[in-house]
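# Examination of the molecular architecture
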Amino acid sequence: MTFTALVIGYGSIGSRHAGILASMSLVDEVYVLSSQEHIPYKTIRSMKEIKDIDPDYIVLASNTSMHYEELCYFENNFRDKTILVEKPLFQQYHDLNIQNNSVWVGYNLRFHPLIQLIKKKTDGKKLWHIQVFCGSYLPEWRPGRDYRDTSSARREKAGGVLLDLSHELDYVQWMAGKVVPEYVVLGKASDLNIETDDLFVLVGRTEEEATVQITLNYFTRQPVRKIIIDGEGISIEGDLIAGSAKVTEDGNKLDYAWPELSPNFTYQAEHENLLSRDFDGACTFLEGQELMRLIDLCQSKSISY
């Protein structure tokens, strides 16, 4: 069985999704909904045209601020569609009840072999401490574009480091359970010419009483994306950029590495998971909603920098 796919939005992430889907044997046709010209796929210009192509699989890669309205449109006008919403799910929490379609959230890092390894190694173990650091330099995120004009730099486009880098909050909750923030810093600390927050620091606990520290920023010049976990009989140090992990488990030390992992690997794995209706490990709509609750809570509890 093959599928017709529709990608809504053709920015950097939308074009990536379209290219990956076009390369997959499970997909026989890719459409893009965008106002842009010269797109190398069949293109439609409005939501009303979607019924004409009747896609099986839909990727919402539009601006985050549009996701709620778009999901409401699909829920009111379509049934039995598989819909992947690029992260984060919304700009803020919405009490939306999905009944007519199958909706998932694009936290593709769950499909990274390092995150999968940590999930497997820590499953059922008592964890004591989780430390996560993700820092990179926003002006270098999108080569050829002025970072000041991107959605990351603008509040009305749902930019800001907490929403942009919410992968870290998602995989911590996926691996260790619900996070309860106790101390949060959220604000602008650097000299970047943006109107959004560029620093997020969370100190809290999971419901299983593991201490959690998460730091996200837009201003680290040499990108860093690391995870350190200590718990009952286990210590793990993972580096998502290097694609490596050091695991000490019950006195045994093991090294893991994925040096040739394609930048598109996790995206493709996520699409294959949803198209094959496996769904194991994919972020559910309800999990995405719960993460929005955490994000909203962090914003309400935060101390401005």
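Just above, that's the structure.
Residues numbered from 1 in each chain as written. Predicted model: local features only at pLDDT ≥ 70, side-chain atom pairs only at ≥ 80, totals over all residues. Heavy atoms only, no water.

In this structure, Leu71 and Phe200 are the most contacted members of the largest nonpolar core, which totals 73 residues. Excluding residues that lie within four positions of it along the chain, Phe200 makes contacts with Val161, Leu162, Leu169, Val184, Val185, Leu186, Ile214, Thr215, Leu216 and Cys298. Within the second largest apolar cluster, 23 residues are counted, among which are Ala5, Val7, Leu21 and Val59. (Core = buried A, V, L, I, M, F, W, Y, C linked by side-chain atoms within 4.5 Å. Buried < 20%, exposed > 50% of the residue type's maximum accessible area, 1.4 Å probe, protein only. Contact = heavy atoms within 4.5 Å.)

Glancing now at helix α4 (residues 113-122). Counting buried positions over the 10 residues of α4 gives 7, a clear majority of the element. Looking one or two places after α4, you find Gly124, whose phi comes out positive at around 85°. (Helix = DSSP H or I, 4+ residues; strand = E, 2+ residues; numbered from the N terminus.)

Tracing the sequence through the fold places Arg205 in strand β9 (residues 199-206). Expressed as a C-alpha distance, the spacing of Arg205 and Ala176, which sit 29 residues apart in the sequence, is 9.8 Å. Setting aside residues up to four positions removed in sequence, Arg205 forms contacts with Lys178, Val179, Val180, Glu182, Ala210, Thr211 and Val212.

Orientation of α4 relative to helix α6 (residues 167-176), taken along the N-to-C sense of each, is 30°, at an axis distance of 9 Å. Viewed along their axes, α4 and α6 adopt a mutual orientation that is roughly parallel. When you trace α4 past α6, the crossing you get is right-handed. On α6, the residues that touch Ile115, Gln116, Ile118 and Lys119 of α4 are Tyr171, Trp174 and Met175. (Axes fitted to C-alpha atoms, helices over the stretch in contact; angles between N-to-C directions. Parallel < 35°, antiparallel > 145°, perpendicular 65-115°, else oblique. Left-handed = near helix turned anticlockwise from the far one by under 90°.)

A few words now on empty space enclosed by the protein. Scanning the model with the defined rule gives 1 cavity of 30 Å³ or more in all. One number sums up the size of the largest cavity: a volume of about 30 Å³. Phe3, Asp56, Tyr57, Thr82, Leu274, Leu275 and Arg277 together form the lining of the largest cavity. Among the residues forming the lining of the largest cavity, the class breakdown is 4 nonpolar, 1 polar and 2 charged. (1 Å grid on protein atoms, 1.4 Å probe; cavity = no way out; pocket = protein on both sides within 12 Å on 5 of 7 lines; lining within 4 Å. Points joined across faces, edges and corners; volume = space filled by probe spheres on them. Nonpolar A, V, L, I, M, F, W, Y, C, P; charged D, E, K, R; others polar.)

A word on the sheet that holds strand β5 (residues 82-86). Within a sheet, neighbouring strands are paired by backbone hydrogen bonds and run either parallel or antiparallel to one another. Judged by pairing direction, the sheet is mixed, and its 7 strands sit side by side in the order β3-β2-β1-β4-β5-β6-β15 without closing on themselves. Whereas interior strands pair on both sides, the edge strands pair on one side only; in this sheet they are β3 (42-44) and β15 (283-284). Where strand β1 (residues 3-8) lies against strand β2 (residues 27-33), 6 bridges are found, and the strand directions are parallel. Residue pairing across strands places Phe3 opposite Val27, the latter belonging to β2. (Pairing = 2+ DSSP bridges.)

So, about α6. Within α6, 10 of the 10 residues are buried, which leaves it mostly tucked inside the rest of the structure. Listed in full, the buried residues belonging to α6 are His167, Glu168, Leu169, Asp170, Tyr171, Val172, Gln173, Trp174, Met175 and Ala176. Looking one or two places after α6, you find Gly177, whose phi comes out positive at around 95°.

Turning our eyes to something else, we now look at unusual backbone geometry. Lys87 connects to Pro88 through a cis peptide bond whose omega is -10°. The phi dihedral of His38 is positive, around 60°, even though this residue is not glycine. For His38, the location among the structural elements is in the loop between β2 and β3. Take His38: its relative accessible area is 80%, and that puts it in the exposed class. Of note in the backbone geometry, Glu209 takes a positive phi value of approximately 75° without being a glycine. Since its relative accessible area comes to 47%, Glu209 is described here as partly exposed.

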